Amino acid sequence: MKIPHRPLSPHLQVYNLPLTALLSISHRITGVSLTLGVTLLTLWVFSAALGEEEYNLFSLVLNFWLGKLVLFGFSVALFYHLCNGIRHLFWDIGMNFDLRKTMLADFAVLFSSIILTTLVWLVALMDLI
Amino acid sequence: MVDSFSQFRSPLRHAKGMGSAKEGTHHWLAQRITALALLPLTSWLVFSLATLSLEGHLEFVTWLGHPISGTLMILFLSVAFHHGQLGIQVVIEDYISNIKIRRSLLIVTKFMSYLLATLGVVSVLRIIFESL
């Protein structure tokens, strides 16, 4: 079949996505990137299983400033995916489907993921516990 | 149209409960249950990584060599790769319409996730047994 060259609805390039739609696609993007994060964690554990030299080499790469930035990105993705995932589980049992509750949950998800990320990095960097 | 076909329908479709995708709700349910399992496992992992000092090799293997943290790490890696693999499968099925590319990518996804999960589990086991 010949595919006609005309714009498809809803014109993703010019369409102003509502917040709920933005959060929905973010759930997918963070989910896919988190599998890379878990892969990195696996390689870290693998390097420790190989021996001290390999572990130190891997830690060096991980602690490089770009590595820290990547770690921060993974933590943001993780907490976002976690919080939004809990919202999805509530949807799955048929709760909070109406527009008002969904929009409230949008902000709850964003707020709690920012709080959790900040909290964990404060604990990690300041040795609070 | 619908009525003329309904005489061929038997209660079997309700009994099997497979729906139009012929796979039932297995994939959907597995994704949710692994998500549920990952809530405590991820919380444990993040809490451990944030609070423990794991700079040196000795600290790391002492931590992971403990039967409890070793068990939790094996569970986390297995469940996380299963969950991730299920999610990537849906993303591929949604966005890749070319059936050959789609099937190849699905197979690569499954192989990679099994490979990495096994590598992680074997590594944790080696750390546990070496620290005995």
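Residues numbered from 1 in each chain as written. Chains lettered and ligands numbered in written order. Predicted model: local features only at pLDDT ≥ 70, side-chain atom pairs only at ≥ 80, totals over all residues.

### Here's the deal with the overall build of chain A
Alright, step 1. A count of helices and strands for chain A gives 4 helices and 0 strands.
Alright, step 2. The secondary structure elements of chain A, listed N-terminal to C-terminal, are α-α-α-α.
Alright, step 3. With respect to the principal axes defined by its C-alpha atoms, chain A has extents near 55 × 45 × 25 Å.
Alright, step 4. Taken across its 129 residues, chain A has 21% of its residues classed as buried. (Helix = DSSP H or I, 4+ residues; strand = E, 2+ residues; numbered from the N terminus. Buried ≥ 20, exposed ≤ 12 C-beta atoms within 10 Å, placed from the backbone.)

### Looking at the interface of chain A and chain B
Alright, step 1. Contacts between chain A and chain B engage 23 residues on the former and 25 residues on the latter.
Alright, step 2. Of all the secondary structure elements, the ones that give two or more residues to the side of chain A that touches chain B are helix 1 (19–50), helix 2 (52–63), helix 3 (65–92) and helix 4 (99–126) of chain A.
Alright, step 3. If you tally residues by element for the side of chain A that touches chain B, the top one is helix 1 of chain A, at 12 residues.
Alright, step 4. For the side of chain A that touches chain B, the class distribution of residues is 14 nonpolar, 6 polar and 3 charged. (Contact = placed C-beta atoms within 7 Å. Nonpolar A, V, L, I, M, F, W, Y, C, P; charged D, E, K, R; others polar.)

### Here we look at the packing of helix 3 (residues 26–51) of chain B against helix 5 (residues 67–95) of chain B
All names here are of chain B.
Alright, step 1. Helix 5 packs onto helix 3 with a crossing angle of 140 degrees between their chain directions and a minimal axis gap of 8 Å. Of the possible angle classes, the one that applies to helix 3 and helix 5 is oblique. Regarding helix 3 and helix 5, the two cross each other, and that crossing is left-handed. Residue-level contacts link H27, A30, Q31, T34, A35, A37, L38, L41, W44, L45 and S48 of helix 3 to S69, L72, L75, F76, V79, A80, H82, H83, L86 and G87 of helix 5.
Alright, step 2. Classifying every residue of the contact of helix 3 with helix 5 by side-chain character gives 13 nonpolar, 8 polar and no charged. (Axes fitted to C-alpha atoms, helices over the stretch in contact; angles between N-to-C directions. Parallel < 35°, antiparallel > 145°, perpendicular 65-115°, else oblique. Left-handed = near helix turned anticlockwise from the far one by under 90°.)

### Concerning helix 6 (residues 99–130) of chain B
Alright, step 1. For helix 6 of chain B, built from 32 residues, the straight-helix expectation of 46 Å at 1.5 Å per residue is met to within 8% by its first-to-last C-alpha distance of 46 Å.
Alright, step 2. Listing the buried residues of helix 6 of chain B in full gives S113, L116, A117, G120, S123, V124, I127 and I128 of chain B.
Alright, step 3. Among the structural elements, helix 1 of chain A together with helix 4 (57–65) and helix 5 of chain B are those in contact with the buried residues of helix 6 of chain B. (Expected span 1.5 Å × (residues − 1).)

### A look at the nonpolar core
Alright, step 1. By size, the foremost hydrophobic cluster in this structure holds 33 residues, and its most contacted members are V45 and A48 of chain A together with L64, M73, L77, V124 and I127 of chain B.
Alright, step 2. Breaking this core down by element, the ones donating at least two residues are helix 1, helix 3 and helix 4 of chain A together with helix 3, helix 4, helix 5 and helix 6 of chain B.
Alright, step 3. If you tally residues by element for this core, the top one is helix 1 of chain A, at 7 residues.
Alright, step 4. For V124 of chain B, the contacting residues outside a window of four places in its chain are V45 of chain A together with L64, G70, M73 and I74 of chain B. (Core = buried A, V, L, I, M, F, W, Y, C linked by C-beta atoms within 7 Å.)

### A closer look at the environment of V38 of chain A
Alright, step 1. Locating V38 of chain A in the fold gives a position in helix 1.
Alright, step 2. The exposure class of V38 of chain A is buried, given the 22 C-beta atoms found within 10 Å.
Alright, step 3. Look past the residues within four positions of V38 of chain A in its chain and what remains in contact with it is A80, F81 and G84 of chain B.

The values reported here are purely geometric and, on their own, carry no functional implication.
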